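# What the coordinates show
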Amino acid sequence: MLNVIYGTTPARKNSCVRLLTVAVGLASLGLTAGQAQAQDQSVEDRLAALEARLAEVQPKANGLEGFSFNTYARSGLLLNGDLQSAPGGPYLTPAGSVGGAVGRLGNEPDTYLEAILNYKQVAENGTKSHYRLMIADSTTSSNDWTAGDGALNVRQAYVEFSNLASFSGIFEEAAIWAGKRFDRDLDFDIHWLDSDIVFLGGLGAGVYDVTFSDSVKSNFSLYGRSFLEFPSDIQDQDITSDTDSLILTANNYFGNVQWLINGIKAQENDLRVVGGVTEAAETGVHTMLAYHGDSFFGLSDGNFKAAIIHGTGLGAETKNIGADGDLHEDAVSTRFAVYGTTYLSENWRFAPAILAETSEDRYIKGDEYQWLTFNARVAQELSANFEMQYEASWQTMDLKPLGYGDPARNAVDGDYSRFTVAPTFKPQVGGFWNRPEIRVFASYSTWDDELETYTAGDALGVDSDFESGQWTFGTQMEIWF
């Protein structure tokens, strides 16, 4: 028997050893060899069934198949010294009308949530599919029932295929997609400003990860967006529908360097009436050069990102690519962004950011919009569940809109500043990205009086109860997973 065992393959040897062991044990119980063999076969059958079941469950256990749920949400109160709701938000200054964010900690009066449902499958040939549905809602109401005030919306609904069995060569690692989505690699932001460096989303299709070498990859896509309907007084009365903004994108990576180029076309958009003139852009070009650092500017552990963006015509909306149909045909904009995160010591975290933009002929020939934001968030980790967070923001702006907008915008030149202290509780401190958090906060805001003349109904306007040199207070939760 032993010679038979040692002369077989390892798998058969193990089986024979198991059978011999079972036979000896059963013999001691008075069972015959036939009974023992039947008993062993029953064990083998159960083991085979268990292994088959594990093979079915394993893809779901490691996330390759099945349903999953992700979310981002925030909700809280923002009150003034009279214990009344105060205006807020990262874009409450005049510069916010053209993308000038000032920071979010202790400055958000809303409830915003994203519910993301995913379903993944793996075909017999190994091809993976991923369906995503993302529903979002936003409201500034403090009530428990906000159906009349909210903005419930489907933000994403798409299918993506990857690891395609029939793809080879430079497409071997590629993924293809179609539907409504945020671009996977053009949705990176400065979180503590609540401002994307660049954002691309809409209806379309594309291919990711066309791989030319280990360090050179490209993504290609076509997105469509819709502008507002043409006004009734346009030159051609036969044009009554929305105009489509089509964005053709090439997003290229060379190691840590990213180069993005977008061509934008909106057929007959130049017939739209904008700011009293009929010179809206019909085409545009948008490009970005970015660097994704794997240290804090080479000085310490952490990370940083830096980007410079330039656009003309419809590309002069540098953040939300192809989203603004009112841009003048001669519009020119340049945006600069840099931010990073690091530890200053064992218990102190530091995250500085700079975001700036300049644009000319943006909506009306001769207008100018210039703004610059400095922001820094610091956190002191005091225990396993508690930390103190601090955020300071300063923004300067020089805006000459030449009466554009409804109501009309006036020229302003001035500064805005805010400082926030936020005691924060969380399940586990450590790093800027650990959530959920529960915060209480106090913020002090001040700004130049000239900023109050920008436009009627503005958050800082002369008709607002929100006055310079004012403290605001509140509480907030924030979560993502």
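One structure accompanies this document, and this report is about it. (Residues numbered from 1 in each chain as written. Predicted model: local features only at pLDDT ≥ 70, side-chain atom pairs only at ≥ 80, totals over all residues. Heavy atoms only, no water.)

### A few points about the overall build of the protein
Within the protein, the secondary structure is distributed over 3 helices and 18 strands. When each of the 481 residues of the protein is scored for burial, the buried share is 43%. Pairs at least 24 residues apart make up 61% of the contacts formed inside the protein by residues separated by at least 6 positions. Surface summary for the protein: the accessible area is close to 23,500 Å², and the carbon and sulfur share equals 57%. (Helix = DSSP H or I, 4+ residues; strand = E, 2+ residues; numbered from the N terminus. Buried < 20%, exposed > 50% of the residue type's maximum accessible area, 1.4 Å probe, protein only. Contact = heavy atoms within 4.5 Å. Areas by Shrake-Rupley, 256 points an atom, 1.4 Å probe, with all protein chains shown as cover.)

### Looking at unusual backbone geometry
Looking along the chain, the bond that leaves Asp406 and enters Pro407 is cis, with omega of 5°. Of note, Pro407 is situated in the loop between strand 15 (386-400) and strand 16 (412-425). Cis geometry is adopted by the peptide bond preceding Pro436, which originates at Arg435 and carries an omega value of 15°. Examined against the element boundaries, Pro436 turns out to sit in the loop between strand 16 and strand 17 (437-447).

### Thoughts on the packing of aromatic side chains
Scanning the model with the defined rule gives 23 aromatic pairs in all. Taken together, a centroid distance of 4.2 Å and an interplanar angle of 5° make the contact between Tyr363 and Tyr404 stacked. Of this pair, Tyr363 sits in the loop between strand 13 (348-360) and strand 14 (368-381) while Tyr404 is found in the loop between strand 15 and strand 16, placing the two residues 41 residues apart along the sequence. Tyr363 sits in the buried class, given a relative accessible area of 6%. On the basis of relative accessible area, Tyr404 is assigned to the buried category, the value being 11%. Ring centres of Phe386 and Phe425 lie 5.0 Å apart, and the angle between their planes is 55°; on these two criteria the pair is classed as tilted. With Phe386 in strand 15 and Phe425 in strand 16, the pair connects residues that are 39 residues apart, well separated along the chain. (Phe/Tyr/Trp six-rings, centres within 6.5 Å; stacked < 30°, edge-to-face > 60°.)

### A short note on the layout of surface pockets
For the second largest pocket, the calculated volume is near 320 Å³. Taken together, 20 residues make up the lining of the second largest pocket; nearest its centre are Ser97, Glu317, Ala323, Asp324 and Tyr363. Residue composition of the lining of the second largest pocket, by class: 7 nonpolar, 6 polar and 7 charged. (1 Å grid on protein atoms, 1.4 Å probe; cavity = no way out; pocket = protein on both sides within 12 Å on 5 of 7 lines; lining within 4 Å. Points joined across faces, edges and corners; volume = space filled by probe spheres on them. Nonpolar A, V, L, I, M, F, W, Y, C, P; charged D, E, K, R; others polar.)

### A look at a negative patch on the surface
Taken together, the side chains of Asp82, Asp463, Asp465 and Glu467 make up a negatively charged region of the molecular surface. Within the element layout of this structure, Glu467 appears in the loop between strand 17 and strand 18 (470-480). (Patch = residues over 30% accessible without salt bridge, like charges linked within 9 Å, V, L, I, M, F, W, Y side chains within 5 Å. Salt bridge = Lys/Arg side-chain N within 4 Å of Asp/Glu carboxyl O. Lys, Arg positive; Asp, Glu negative; His and termini not counted. Charge placed at Lys NZ, Arg CZ, Asp CG, Glu CD.)

### What about the pattern of salt bridges?
Evaluated as defined, the whole model comprises 26 salt bridges. A salt bridge links Arg349 to Glu381; the shortest N-O distance between them is 2.8 Å. With Arg349 in strand 13 and Glu381 in strand 14, this residue pair connects regions lying 32 residues apart in the sequence. The class of Arg349 is buried, set by a relative accessible area of 1%. Taking the relative accessible area as the measure of exposure, Glu381 reaches 12% and is therefore buried. One salt bridge connects Arg439 with Glu437, and the closest N-O pair in it is separated by 2.8 Å. Overall, the relative accessible area of 2% leaves Glu437 in the buried class. The network of salt bridges with common partners includes Arg349, Glu381, Glu387, Lys426, Arg435, Glu437, Arg439 and Glu478.

### Let's talk about the pairing of strand 17
Strand direction decides the pairing type here: strand 16 and strand 17, joined by 8 bridges, are antiparallel. Pairing of Arg418 across the sheet is with Ser445, part of strand 17. Relative to strand 18, strand 17 runs antiparallel, the two being bridged by 9 bridges. Residue pairing for strand 18: Val440 is matched across the bridge by Thr475. (Pairing = 2+ DSSP bridges.)

### Focus on the side chain of Glu160
With respect to the secondary-structure elements, Glu160 resides in strand 4 (residues 153-162). Side-chain polar atoms of Glu160 contact the side chain of Arg181, separated by 2.9 Å. Apart from residues no more than four positions distant in its own chain, Glu160 is found in contact with Lys128, Ser129, His130, Ala175, Ile176, Trp177, Arg181 and Tyr208. (Polar contact = N/O pair within 3.5 Å; in protein donor to acceptor, adjacent residues only side chain to side chain.)

### Details of the environment of Phe304
Mapping Phe304 onto the fold places it in strand 11 (residues 302-313). Note: C-alpha distance between Phe304 and Tyr339 (35 residues apart in sequence) is 5.5 Å. Phe304 has contacts with Tyr291, His292, Gly293, Ser295, Phe296, Phe297, Tyr339 and Gly340, leaving out every residue within four places of it along the chain.

### Topic: the pairing of strand 14
Looking down a regular strand, the side chains alternate between one sheet face and the other. As judged from the 13 bridges shared by strand 13 and strand 14, these two strands associate in the antiparallel manner. In the sheet register, Ser359 faces strand 14, and the bridge partner there is Tyr369. Bridge count for strand 14 against strand 15 is 14 bridges, and the pairing is antiparallel. What sits directly across from Glu368, in strand 15, is Lys400. From the end of strand 14 to the start of strand 15, which pair antiparallel, there are 4 residues.

### Quick notes on a nonpolar patch on the surface
A surface patch of nonpolar side chains, amounting to about 480 Å² of accessible area, comprises Phe254, Trp259, Leu289, Ile308 and Phe336. Topologically, Ile308 is positioned in strand 11. Assessed through its relative accessible area of 45%, Ile308 is described here as partly exposed.

### Observations regarding the nonpolar core
Among the nonpolar cores identified, the biggest contains 52 residues, and Ile190, Ile197, Val198 and Met288 are the most heavily contacted of them. Among the elements that take part in this core, strand 5 (residues 175-190) stands out by supplying 5 residues, more than any other. The contact partners of Ile197, leaving out residues within four places of it in the chain, are Phe188, Asp189, Ile190, Ala307, Ile309, Thr318, Lys319, Arg335, Ala337 and Tyr339. Tyr112, Met134, Ala136 and Phe182 belong to the second largest nonpolar core, which has 7 residues in total. (Core = buried A, V, L, I, M, F, W, Y, C linked by side-chain atoms within 4.5 Å.)

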